[in-house]
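Below are the chains, spelled out letter by letter.
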Amino acid sequence: EYIKVLVNFMRVKIVLARPVYEENLGLAARACANFDCKELAIVSPECDRKSGKAKSRAMHGIKVLENAKEFNSIAEATKGCSYVIAASARKGKGRNSIALEEIKKRFEKSNAKVALVFGSEPSGLSNKEIAECDFVAFIPASAKYPVLNLSHAVCVVL
């Protein structure tokens, strides 16, 4: 319920930076569809979003995947967004941290379009990419294995 309310009250765009695995692209599109998020941007993909693997994982999110737009930079992908939030397993250094539960509270009453940015599977977002964002949302997980799969991170943050 919380997730659906988040997307319904906010204009949300999911931005995937340098995704490597086609399956994760499809699963991220599926996660978007699960939570009524229709806008997916892909920055410098290292895989083919039109592949059979991506499409097979998208399931009912196939339209989100097919309508996704590709960009060369986070700046291009987030043009027109009022706020850009990096999702990271690393706590932001020198950036404005925002708790996941605060995103809805802070932006739901505005007409702001919010971009939620996720990094590539092997390395996440670089420090340079995080610096391009207004906020960093830390995704808490086990200290033993704090890094989430890309599609799982999209679900958690949405």
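In this text, all values refer to a predicted model and were calculated from it rather than measured experimentally.

Caption draft 1: Quick look at the layout of surface pockets. There is about 310 Å³ of room inside the largest pocket. In terms of lining residues, the largest pocket is bounded by 19 residues, among which Ser 88, Ala 89, Gly 124, Val 147 and Leu 148 are the most central. Mapped onto the lining of the largest pocket, the elements with two or more residues apiece are β4 (83-88) and α8 (150-157). A class-by-class count of the residues in the lining of the largest pocket yields 11 nonpolar, six polar and two charged.

Caption draft 2: The arrangement of the side chain of Lys 113 in detail. By the element assignment, Lys 113 lies in strand β6 (residues 113-118). With relative accessibility at 16%, the residue Lys 113 sits in the buried group. Sequence-distant contacts of Lys 113, that is, excluding residues within four places in its chain, are made with Arg 11, Lys 13, Glu 39, Gly 80, Cys 81, Ser 82 and Tyr 83.

Caption draft 3: Examining the state of the cysteines more closely. Evaluated as defined, the whole model comprises zero disulfides. Residue Cys 81 stays outside any disulfide, its sulfur separated by 11 Å from that of Cys 37, the closest cysteine. The closest cysteine sulfur to the non-disulfide-bonded Cys 133 is located on Cys 81, 11 Å from its own sulfur.

Caption draft 4: Seen up close, the side chain of Arg 18. If you trace the backbone, Arg 18 turns up in the loop between β1 (11-17) and α2 (22-34). Of note is the side chain of Arg 18, whose polar atom sits 3.1 Å from the side chain of Ser 120. Beyond its immediate sequence surroundings of up to four residues, Arg 18 is in contact with Val 43, Ser 44, Glu 46, Ser 120, Glu 121, Ser 123, Gly 124, Leu 125, Ser 126 and Glu 129.

Cut-offs used in this document
Residues numbered from 1 in each chain as written. Predicted model: local features only at pLDDT ≥ 70, side-chain atom pairs only at ≥ 80, totals over all residues. Heavy atoms only, no water. 1 Å grid on protein atoms, 1.4 Å probe; cavity = no way out; pocket = protein on both sides within 12 Å on 5 of 7 lines; lining within 4 Å. Points joined across faces, edges and corners; volume = space filled by probe spheres on them. Helix = DSSP H or I, 4+ residues; strand = E, 2+ residues; numbered from the N terminus. Nonpolar A, V, L, I, M, F, W, Y, C, P; charged D, E, K, R; others polar. Buried < 20%, exposed > 50% of the residue type's maximum accessible area, 1.4 Å probe, protein only. Contact = heavy atoms within 4.5 Å. Disulfide = S-S within 2.5 Å. Polar contact = N/O pair within 3.5 Å; in protein donor to acceptor, adjacent residues only side chain to side chain.

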